[in-house]
Amino acid sequence: MQQSVVGVGVIGVGGISGYVHLPGLKACEQAKIVAFCDVNEALAQQRAKEYGVEHVYTRYQDLLARPDIDAVVIATPTVMHAPIALAAIAAGKHLLVEKQLAMNYAEAVQMYEAASKAGVQTMTAFTYRFVPGMRYLKHLLRRGDIGTPRHVRVARLQEFKDTSLGWRQKRELAGSGEIGDMGAHRIDFCLDLIGPIERVAGLKRTFVPQRIGADGQPIAADVEDCAVFIAEFGGDQGAVASFDLSKVAKGRGAGGKSLDEFEVYGTDGTLVYHLHHPHEILVGRPGGMLETVRVPDEFLTYPGSSRKPLEGEPTTTFRYDQDFAFIQAILQNNGEDIPTFYDGMRCQAVIDAVVEATESRQWVEVMR
């Protein structure tokens, strides 16, 4: 008998779960949230009350032992991704893990290989693949509308207050700063749309080395809050890309209204995506200027999603389709249309190379 409902456990119920995963799972009729787990028991109990979830744990091992949980969402500090994921795989659970997938490439490979051997469905939370504008841009690019891509320009510029970023400002917990945080999504764009990146070079800075905690005391930050790097794709005339990432772009705002753009220039034209206009893209033709093109209705939501694309804040609600897509991949036993651990692993190889390049100030080859 074909499975019709997926029992889900959520490990880590803080910011990203509250913003993306819990609303996304709640909106999916084929998902049943069975249990929450968080080291902050008070927060887990609060989330349980909000979402009508009966079971709450502070140890992920207890959640994974439940037979009524088919899949888990892991939204913890990066340092815990691999240990929890490997335990979940051993328990036969399907997995959706936040980006960056692992602390380093070796961990990501271990996670990918274990999941492949176990035959469980995996997903890396590359949320921005589900922006309607990006989905339509991908369609046009794959259809050949702008010919062969030559030059890619990527920017994610935000203004964050000089207050604590929690675990995200500690390399031992996060793995990296802006390169792995916001850079992971944009690296994934390039790998998904253009192809493998062969080598990288760049610079990074920690412009705010002391961030202020809730008690008013300074807390050291040892990861980058700004990075610029360039990448070279494969082939004799391979495409090139430039990345501009920052949490210290004063006046740019944060979240969906800040600058998030992806521009790809091909032999026959140009395609441009902006997150703050998620239902449109810009298209340029030789000899002309960029023109605004509305995203067709069929690209406004992930196939089968019941989400109403014109309801709510569009720079937020598209994210709910990510968890819907994960559930569909489990039910249909088909993950070809979602970013899997393989994609997270290849992205991690680039992240590691960029970090090394910024520290050595040399070109670095991406691990294969």
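Look above for the structure.
Source: prediction; values computed, not measured. (Residues numbered from 1 in each chain as written. Predicted model: local features only at pLDDT ≥ 70, side-chain atom pairs only at ≥ 80, totals over all residues. Heavy atoms only, no water.)

Caption draft 1: Spatial organisation of the packing of helix H5 (residues 105-118) against helix H12 (residues 341-360). With their axes 9 Å apart at the nearest point, H5 and H12 run at an angle of 170° to one another. Taken together, H5 and H12 sit at an angle that is classed as roughly antiparallel. Residues Tyr105, Ala108, Val109, Met111, Tyr112 and Ala115 of H5 touch H12, and the partners they reach there are Phe341, Tyr342, Met345, Arg346, Gln348, Ala349 and Asp352. Residues of the contact of H5 with H12, tallied by class, amount to 10 nonpolar, 1 polar and 2 charged. (Axes fitted to C-alpha atoms, helices over the stretch in contact; angles between N-to-C directions. Helix = DSSP H or I, 4+ residues; strand = E, 2+ residues; numbered from the N terminus. Parallel < 35°, antiparallel > 145°, perpendicular 65-115°, else oblique. Contact = heavy atoms within 4.5 Å. Nonpolar A, V, L, I, M, F, W, Y, C, P; charged D, E, K, R; others polar.)

Caption draft 2: Local environment of the sheet that holds strand E13 (residues 259-266). Spatially, E16-E15-E14-E13-E7-E12-E11-E8-E17 is the arrangement adopted by the 9 strands of the open sheet, whose pairing is mixed. The outermost strands of the open sheet, each flanked by one partner alone, are strand E16 (291-294) and strand E17 (364-365). Here strand E7 (residues 149-157) pairs with E13 via 8 bridges, running antiparallel. Paired with Val152 across the strands is Val264, a residue of E13. In the packing of helix H6 (residues 132-143) onto the sheet, contacts are made with E7, E13, strand E14 (269-274), strand E15 (280-284) and E16, and the angle to E14 comes to roughly 165°. (Pairing = 2+ DSSP bridges.)

Caption draft 3: Broad picture of helix H11 (residues 320-332). With 13 residues, H11 ought to run about 18 Å at 1.5 Å a step, and its terminal C-alpha atoms sit 19 Å apart, in line with that. Asp321, Gln322, Asp323, Phe324, Ala325, Phe326, Ile327, Gln328, Ala329, Ile330 and Leu331 are the residues of H11 that are buried. (Expected span 1.5 Å × (residues − 1). Buried < 20%, exposed > 50% of the residue type's maximum accessible area, 1.4 Å probe, protein only.)

Caption draft 4: Up close: the layout of surface pockets. A volume near 980 Å³ is recorded for the largest pocket. Looking at the largest pocket, it is lined by 44 residues, and the ones nearest its centre are Gly15, Ile16, Lys99, Trp167 and Arg168. Counting only elements with at least two residues in the lining of the largest pocket, the list comes to helix H1 (15-26), helix H4 (81-90) and helix H8 (178-181). Here the element with the most residues in the lining of the largest pocket is H1; it accounts for 4 residues. When its residues are assigned to classes, the lining of the largest pocket shows 19 nonpolar, 16 polar and 9 charged. In this model, the second largest pocket occupies a volume close to 330 Å³. In terms of lining residues, the second largest pocket is bounded by 16 residues, among which Arg129, Arg135, Lys138, Asp192 and Asp337 are the most central. Sorting the residues of the lining of the second largest pocket by element identifies H6 and helix H9 (183-193) as the ones contributing at least two each. The element that contributes the greatest number of residues to the lining of the second largest pocket is H6, accounting for 5 residues. Among the residues forming the lining of the second largest pocket, the class breakdown is 7 nonpolar, 1 polar and 8 charged. (1 Å grid on protein atoms, 1.4 Å probe; cavity = no way out; pocket = protein on both sides within 12 Å on 5 of 7 lines; lining within 4 Å. Points joined across faces, edges and corners; volume = space filled by probe spheres on them.)

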